[in-house]
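Residue-level listing of the chains:
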Amino acid sequence: MTGKSFLKVALASASTLGVAATATAATEWDMPTPYGDRTFHTVNIREFADDVAQRTQGELKINVHSNGALIGHPEIKNSVRRGIVPMGELIMSRLANENPIYDVDSVPYLAASYDEAWALWQASKDVISEELAKQRLRLLFAVPWPPQGLYTQKSIDGVDDLRNLKMRAYNTASERLARLTDAVPTQVEVPDIPTAFSTGRVEAMITSPATGADTKAWDYLSNFNHVQLWLPKNMVIVNEKAFSRLDADTQQAILDAAAAAEVRGWEMSKNETRQALATLAENGIEVSEPSAELKAELQQIGQTMTQEWAEVAGEPGQQILEKYQQLKP
Ligand code: PCA
């Protein structure tokens, strides 16, 4: 029974019995997310949840469980697919092992500014949504992280300086990039970053100014090079079966709140880039732009990775790239 029809029945029986209809069929959803409460993605998702509550007059309450506390990042997608939770957030490129189209947003210098990232998102959204729909998952919205840069314990003039460094990675692209620079990649989730550095498991990382600031990178690192490799996106997905059980008004409320969250999230991300760069500098991290040499070497790696991606992504990948070329600013 949907919330609305239950409400009607409740009201009908309440009037028959002559008691006030206080109990409505409010639905509560648990929503796991991987990142901490300081992270702008989490802030945006909590606003999304408030927005849904407001638009549905409290009929759908989404309880956000941040920081991988309810379900760890590696399990979030399958938990939503299996209906253990109705909704969740994850980084899209985490699914690259299922299909390479999911990490089109993590190819170095394919789309390295917000305008390019937006064009790439418009070019890839349908293909990605269709792929998720095959698993009965509905993509609600996606928001990029700020451009990815390099955190190290000394200044970096060229990729040679990365050789043999134990490099923290978070998806196949950051891992591949580390290998192509002769660094040694290790996958570490954001909540585990401080421990990974303090125990010496890693000594450098590729991530955004945002994640560096959120995890207080100044406690264990000294340099940030703003090389702006790519802007990977987080996405919010919902189990189609759980979604279809909601009445039409509630479904629409979710879709409207999701559209608003996407627009708001892209703006938040841009502002976060500026703020987090300032926070890093204020806390003693040396923030620099890449040298011409470093930039050229990373661009070379970008070309290699673009080719590699196009090969594995096949026809759907080709479609995305062609559309992106048309939309690109
Ligand atoms: N932060 C996340 C993904 C990309 C980013 O900027 C991380 O470091 O895992």
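Structure: see above.
The model shown is predicted, which means the values in this text are computed figures rather than measured ones.

Pairing in this open sheet of six strands is mixed, and the strands run 7-6-8-5-9-11 from one edge to the other. Looking along the sheet, the strands with just one partner apiece sit at the ends: strand 7 (184–187) and strand 11 (286–288). Strand-to-strand twist across the sheet, computed as the mean angle between neighbouring axes with direction ignored, equals 25 degrees. Bridge count between strand 9 (residues 223–225) and strand 11: three bridges; the pairing is parallel. By the bridge assignment, Asn223 is partnered in strand 11 with Glu286. Along the sheet face, helix 5 (residues 172–180) touches strand 6 (166–169), strand 7 and strand 8 (204–207) and points at about 160 degrees away from the line of strand 7. Against the sheet, helix 9 (residues 248–282) touches strand 5 (149–152), strand 9 and strand 11, its axis set at about 140 degrees to strand 11.

Structurally, the position occupied by Thr181 is in the loop between helix 5 and strand 7. A relative accessible area of 4% places Thr181 in the buried class. A polar contact is formed between the side chain of Thr181 and the backbone oxygen of Ala178, at a distance of 2.8 Å. Those residues within four positions of Thr181 in sequence are excluded, and the remaining contacts are Val159, Leu162, Arg163 and Ile301.

Turning our eyes to something else, we now look at helix 10 (residues 292–327). The first and last C-alpha atoms of helix 10 sit only 28 Å apart over 36 residues, clearly below the 52 Å expected at 1.5 Å per residue. The largest bend along helix 10 reaches roughly 125 degrees and is located at Gly314, with the proline Pro316 sitting one to four residues downstream. Regarding helix 10, the residues found buried are Leu294, Leu298, Ile301, Gly302, Met305, Trp309, Ala313, Gly317, Ile320, Leu321 and Tyr324. For helix 10, the secondary structure elements touched by its buried residues are helix 4 (114–133), helix 5 and strand 9.

One open sheet holds the three strands; their spatial order is 3-10-4, and the pairing between them is antiparallel. Of all the strands in the sheet, just strand 3 (87–91) and strand 4 (137–144) have a single pairing partner and so form its edges. With strand direction ignored, the average angle separating the axes of adjacent strands in the sheet is 25 degrees. When strand 3 meets strand 10 (residues 233–239), the two strands line up antiparallel, connected through five bridges. Its bridge partner lying in strand 10, Ile91 is registered against Asn234. The strands that helix 3 (residues 73–81) touches are strand 3, strand 4 and strand 10; relative to strand 3, the one it contacts most, it runs at about 140 degrees. Against the sheet, helix 9 contacts strand 3, strand 4 and strand 10, and its axis sits at roughly 20 degrees relative to strand 4.

Cut-offs and rules
- Residues numbered from 1 in each chain as written.
- Predicted model: local features only at pLDDT ≥ 70, side-chain atom pairs only at ≥ 80, totals over all residues.
- Heavy atoms only, no water.
- Pairing = 2+ DSSP bridges.
- Helix = DSSP H or I, 4+ residues; strand = E, 2+ residues; numbered from the N terminus.
- Axes fitted to C-alpha atoms, helices over the stretch in contact; angles between N-to-C directions.
- Contact = heavy atoms within 4.5 Å.
- Buried < 20%, exposed > 50% of the residue type's maximum accessible area, 1.4 Å probe, protein only.
- Polar contact = N/O pair within 3.5 Å; in protein donor to acceptor, adjacent residues only side chain to side chain.
- Expected span 1.5 Å × (residues − 1).
- Bend = angle between axes of the 7 residues up to and from the residue.

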